[in-house]
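Here is how the chains run, residue by residue.
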Amino acid sequence: MEVNLISTFAEFKELKNIDRPTLMSVLEDIFRTQLARMYGDADNFDIIINIDKGDISIIRNRTVVETVEDPNKEISLEEVQKIDDSYEVGEEYPEEVPMSTFGRRGILNLRQNLSSRITDIEKGNLYRKYVDKVGDILVGEVYQAWKKEVLVMDEDGNELVLPKSEQIPFTDPAHKGDFFRKGDTVKAVITSVEMKNNTPVITLSRTSNLFVERLFEQEVPEIFDGLITIKKVVRKPGERAKVAVESYDERIDPVGACVGVKGSRIHGIVRELQGENIDIISWTTNTQLLVQRALSPAKISAIRIDEESKSIHIDLEASELALAIGKGGSNILLAEQLSGYKIDVYRLGDQSQEDEEDVMLDDFSDEIDQWIIDSLKQMGCDTAKSVLALPTEEVMQRADLEEETVLEVQRILRAEFEN
């Protein structure tokens, strides 16, 4: 049992990388606690620890007296002289306490306390290590892949969590999203470090906007050096991201620097994001110009800003609508997030009698659910004829509606003109 106890702290010292002063302090504390339980007080004990050799010596110091009142701190002259007759009253008599004094149960208790204290120290060290790294990129190895989360191990064998909600989702065959197996290498950003039930929980993310920022810092030296700054990142993970950048050096083109020669820099980031489309935009404080850049390559015919309602009215030719809206409205949604304005898109057309006879979608609210009307308006169709002018498949894809729903909407709209 004594050997097992000594090997315990030697093992932790070697494997857990606990510094020498901390380990010695913990050992002394647990022995004093145990001695206090046994003798009532441990102030008169010296605990000598040799970590390198794995030795522990415990010395109890008692004062030589004629009559003993406190057996823990005093020893009679008669008893001492049986051992060594050179001691006199008033002198201090040191006596080594063998490990066997603790008994089997006591040594088990010591070992358990040591393991528990060392574990607590390790948890504290792990928390302090990672709480200062929130926002940093981490590269680890997948240890276990479950349905709701992936367990990642760092280079020191510490466990980190990548929840399913923080993994890049599957959106379409071109954007397959994240899929991890045991042994895979994973790169993610550290988003939070929390203590739960006295255990540090380190959470990673691949969907965070911060992850995109850190990838750009790694791939673009000008960003890392501070010559180019990322003003804002907005993204729909797995589909599209918009990154607004600004250069502090007039000689440096921020967009060109981020893209790299023949796309060398941006391609690495896109691969890491599972094919996510990335639009790099030159930042400007001019809201109108920023929105035009955000909706590029769509050409805006007219734009009007309402500062009071924080909204923007945009007129587009019918041929530009799809470019501006984007798949499932992702392009215009990200443009709204980037600019901070609500963007309303309107289709331009000939002012013919046919257009004058068109009917606004809102007029069908008694027959078509409002959320369906909103989905159609998000894709740039605000009238009945603008919807009927598009193929069924295109409406399904751009408005993210089921075929049955689109067919029913088309039937209702056609019935209006037939009547």
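Before reading further, recall that the structure is shown in the block above.
First, a word on scope: everything that follows refers to the structure included in this document. None of these values were measured; they are calculated from a predicted model.

Scoring rules and cut-offs
- Residues numbered from 1 in each chain as written.
- Predicted model: local features only at pLDDT ≥ 70, side-chain atom pairs only at ≥ 80, totals over all residues.
- Heavy atoms only, no water.
- Helix = DSSP H or I, 4+ residues; strand = E, 2+ residues; numbered from the N terminus.
- Expected span 1.5 Å × (residues − 1).
- Buried < 20%, exposed > 50% of the residue type's maximum accessible area, 1.4 Å probe, protein only.
- Arc of directions from axis to C-beta.
- Pairing = 2+ DSSP bridges.
- Axes fitted to C-alpha atoms, helices over the stretch in contact; angles between N-to-C directions.
- Contact = heavy atoms within 4.5 Å.
- Left-handed = near helix turned anticlockwise from the far one by under 90°.
- Salt bridge = Lys/Arg side-chain N within 4 Å of Asp/Glu carboxyl O.
- Phe/Tyr/Trp six-rings, centres within 6.5 Å; stacked < 30°, edge-to-face > 60°.
- Lys NZ or Arg CZ within 6 Å of the ring centre and 35° of its normal.
- Core = buried A, V, L, I, M, F, W, Y, C linked by side-chain atoms within 4.5 Å.

1. Observations concerning helix α16 (residues 403-418)
Think of an α-helix as turning once every 3.6 residues; residues three or four places apart then point the same way.
And then number 1: Between the first and last C-alpha of α16 there are 22 Å, a value that for 16 residues agrees with the 22 Å anticipated at 1.5 Å per step.
And then number 2: Of the residues making up α16, those classed as buried are Val406, Val409, Gln410, Ile412 and Leu413. The buried residues of α16 all sit within an arc of 160° when viewed along its axis, so they share a single face. The outward face of α16, more than 90 degrees from its buried face, is lined by the exposed residues Glu404 and Glu418.

2. Examining the sheet that holds strand β11 (residues 240-247)
And then number 1: Strand order across the open sheet formed by three strands is β10-β11-β12, with mixed pairing between neighbours. Each end of this open sheet is capped by a strand with a single partner; those strands are β10 (228-236) and β12 (277-282). With direction set aside, neighbouring strand axes in the sheet form an average angle of 20°.
And then number 2: Lying over the sheet, helix α11 (residues 330-339) contacts β10, β11 and β12, oriented at roughly 135° with respect to β10.

3. Looking at the packing of helix α5 (residues 209-219) against helix α8 (residues 264-272)
And then number 1: In contact at an axis separation of 10 Å, α5 and α8 are set at 145° when each is read in the N-to-C sense. Remark: the crossing between α5 and α8 carries right-handed chirality. Across the interface between the two elements, Phe211, Leu215, Phe216 and Glu219 from α5 touch Arg265, Ile266, Ile269 and Glu272 from α8.

4. Focus: the pairing of strand β5 (residues 137-145)
And then number 1: Note: β5 against strand β8 (residues 185-196), five bridges, orientation antiparallel. Among the inter-strand pairings, Leu138 is bridged to a residue of β8, identified as Ala188.
And then number 2: Where β5 folds back on strand β6 (residues 149-153), the antiparallel hairpin that results is connected by three residues.

5. As for the pattern of salt bridges
And then number 1: Overall, the coordinates contain 22 salt bridges when judged by the stated rule.
And then number 2: A salt bridge links Lys129 to Asp154; its shortest N-O distance comes to 3.9 Å. You can see Lys129 sitting in helix α4 (residues 103-131) and its partner Asp154 sitting in the loop between β6 and β7 (159-163), a full 25 residues away along the chain.
And then number 3: Given the relative accessible area of 28%, Lys129 is considered partly exposed.
And then number 4: When the shortest N-O distance is used, the salt bridge between Glu336 and Lys342 registers 3.7 Å.

6. Some words on the packing of aromatic side chains
And then number 1: Under the criterion given, the structure shown has three aromatic pairs.
And then number 2: For the ring pair Tyr39 and Phe45, a centre distance of 5.2 Å and an interplane angle of 40° mean the geometry is tilted.
And then number 3: Ring centres of Tyr87 and Tyr93 lie 5.2 Å apart, and the angle between their planes is 85°; on these two criteria the pair is classed as edge-to-face. Summarising the burial analysis for this pair, Tyr87 and Tyr93 share the class buried.
And then number 4: The positively charged end of Lys182 is found above the aromatic ring belonging to Tyr143, 5.2 Å away from the centroid.

7. Regarding the sheet that holds strand β14 (residues 311-317)
And then number 1: Ordered by their spatial adjacency, three strands build an open sheet running β13-β14-β15, and the pairing between neighbours is mixed. Where the open sheet ends on each side, the last strands, each with one partner, are β13 (302-306) and β15 (342-348). On average, adjacent strands in this sheet sit at an angle of 20° to one another, irrespective of strand direction.
And then number 2: With seven bridges connecting them, β14 and β15 associate as parallel partners. Counted as the bridge partner of Asp315 is Tyr346 from β15.

8. Things to note about the nonpolar core
And then number 1: In terms of nonpolar packing, the biggest core is built from 42 residues, with Ile314, Ile343, Ile368, Leu376, Met379 and Leu413 touching the most fellow members.
And then number 2: Aside from chain neighbours lying at most four places away, what touches Ile314 is Val291, Leu295, Ile300, Ala302, Ile303, Ile343, Asp344, Val345 and Tyr346.
And then number 3: Within the second largest apolar cluster, 22 residues are counted, among which are Leu215, Ile230, Ile252 and Ile266.

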